[in-house]
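Summary of structural features
Each chain, letter by letter, is given below.
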Amino acid sequence: MLTMENVTKRYKHRRSDVYALQDANVEIGTGEFVSIVGPSGSGKSTLLLMLGGMLSPSSGKVTLQGTSLYDLSPNERARMRKQHVGFVFQSFNLVPYLTALENVMIPLFLSGAAKEVQESRAKDLLERVGLGERLDHKPTELSIGQQQRVALARMLANDPQLILADEPTGNLDPDTSAMILDFFEQFVSEGRTIVMVTHDPRAAERARRKLRIDGGRIVEDKQDIKTRVVA
């Protein structure tokens, strides 16, 4: 489903080359749950952004569903993301003046869905994450964990096959973190693919495969063969 071939990201800093990622090679199959771990500044977020078509490599190739992402125009890449990729962030990125229902409706509105379809699907998704009674609440009226669940529902709105998560449990207490990871495992059981950057060892261990990055290089690729699902 998702591959990186000899991918390098190089920056110039005071006339010197700085490598955020070096010669990264990875293949992620449909239905995998992959965690990316490593020290701060090791290249984890760079890797995630490149997989999502958000950051062009200096060299190498990234493919999603057989399509070379960075051979596409910016508009074509944006359409590819909208069709196939959902993002989950530590900061949630909810619109503060919109209700939970309205926040989840945003991707559906942008996709041109009819108003009744937007409302019906948004309600269904919020009920799925246990917020059916919080439809009219704005982000400030919800707990941190509830806000993350709204973000999960919004991410699911366009039914993405690939979910990219950047520290999705970073602001959450242990019980709420476990709940979010339970949802991730449900999504994987439905055939979705999840790639998650995390500093949390407990979250990393919930994944079926762990990539460790250090100094911009993938230094470990450990997977549970018994549970891996490959396209």
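Residues numbered from 1 in each chain as written. Predicted model: local features only at pLDDT ≥ 70, side-chain atom pairs only at ≥ 80, totals over all residues. Heavy atoms only, no water.

**A word on the overall build of the protein**
- Helix and strand counts for the protein stand at 7 helices and 10 strands.
- Since a compact globule built from 231 residues should have a radius of gyration of about 17 Å, the 18 Å found for the protein is in line with a globular shape.
- Across its three principal axes, the protein shows a C-alpha extent of roughly 50 × 40 × 40 Å.
- Residues classed as buried in the protein amount to 48% of the 231 residues present.
- Relative to all contacts within the protein whose residues are 6 or more apart in sequence, the contacts with residues 24 or more apart total 67%.
- Taking the average location of the 30 positive side-chain charges in the protein and that of its 29 negative ones, the two points are 6 Å from each other. (Helix = DSSP H or I, 4+ residues; strand = E, 2+ residues; numbered from the N terminus. Rg over C-alpha atoms; globule rule 2.2 N^0.38 Å. Buried < 20%, exposed > 50% of the residue type's maximum accessible area, 1.4 Å probe, protein only. Contact = heavy atoms within 4.5 Å. Lys, Arg positive; Asp, Glu negative; His and termini not counted. Charge placed at Lys NZ, Arg CZ, Asp CG, Glu CD.)

**Some words on the sheet that holds strand E1 (residues 2-13)**
- The strand order across the open sheet formed by 4 strands is E2-E1-E4-E5, and the pairing between neighbours is antiparallel. Looking at which strands have only one partner, the edges of the open sheet turn out to be strand E2 (16-28) and strand E5 (67-68).
- Pairing geometry for E1 and E2, over 9 bridges, is antiparallel. Looking across to E2, one finds that lysine 9 is bridged to leucine 21.
- Sheet strands touched by helix H1 (residues 44-51): E1, E2 and strand E4 (59-64). Its angle to E1, the strand with the most contacts, is close to 125°. (Pairing = 2+ DSSP bridges. Axes fitted to C-alpha atoms, helices over the stretch in contact; angles between N-to-C directions.)

**Overview of the side chain of lysine 210**
- By the element assignment, lysine 210 lies in strand E9 (residues 209-214).
- What makes lysine 210 buried here is its relative accessible area of 14%.
- Side-chain polar atoms of lysine 210 contact the side chain of glutamate 205, separated by 3.0 Å.
- Setting aside chain neighbours within four positions, we find lysine 210 in contact with Ser35, Val37, Ala204, Glu205, Glu220, Asp221 and Lys222. (Polar contact = N/O pair within 3.5 Å; in protein donor to acceptor, adjacent residues only side chain to side chain.)

**As for the pairing of strand E3 (residues 33-37)**
- The buried fraction of E3 is high, at 5 of 5 residues.
- A two-sided burial pattern is seen for E3, the buried positions comprising Phe33, Ser35 and Val37 on one face and Val34 and Ile36 on the other.
- As judged from the 4 bridges shared by E3 and strand E8 (residues 193-197), these two strands associate in the parallel manner. Bridging across to E8, isoleucine 36 finds its partner in valine 197.
- Two strands pair when backbone bridges link them, and E3 and E9 are joined in this way by 4 bridges, in the parallel orientation. Opposite valine 34, over in E9, you have arginine 209 as the bridge partner.

**Some points on the side chain of threonine 176**
- Within the secondary structure, threonine 176 sits in helix H6 (residues 174-189).
- At a separation of 2.9 Å, a polar atom in the side chain of threonine 176 contacts the side chain of aspartate 173.

**Section: the nonpolar core**
- Within the largest apolar cluster, 36 residues are counted, with the highest numbers of intra-cluster contacts made by Leu126, Phe184 and Phe187.
- The set of elements that each furnish at least two residues to this core consists of helix H3 (100-110), helix H4 (115-128), helix H5 (144-156), strand E7 (162-166), H6 and E8.
- If near-sequence neighbours (up to four positions away) are discounted, phenylalanine 187 is found in contact with Arg128, Leu152, Met155, Leu156, Ile163, Arg192 and Ile194.
- Counting 27 residues, the second-largest nonpolar core is a separate cluster that includes Ile28, Leu55, Val62 and Leu164. (Core = buried A, V, L, I, M, F, W, Y, C linked by side-chain atoms within 4.5 Å.)

**Some points on the sheet that holds E8**
- Strand order in the open sheet formed by 6 strands is E6-E7-E8-E3-E9-E10, and the pairing between neighbours is mixed. Every other strand in the sheet has two partners, leaving strand E6 (85-89) and strand E10 (217-223) as the edge strands with one partner each. The average angle at which neighbouring strand axes cross in this sheet is 15°, direction not considered.
- Its contacts with the sheet place H1 against E3, E7, E8 and E9, and it is angled at close to 155° to E7.
- Lying over the sheet, H5 contacts E6 and E7, oriented at roughly 170° with respect to E6.

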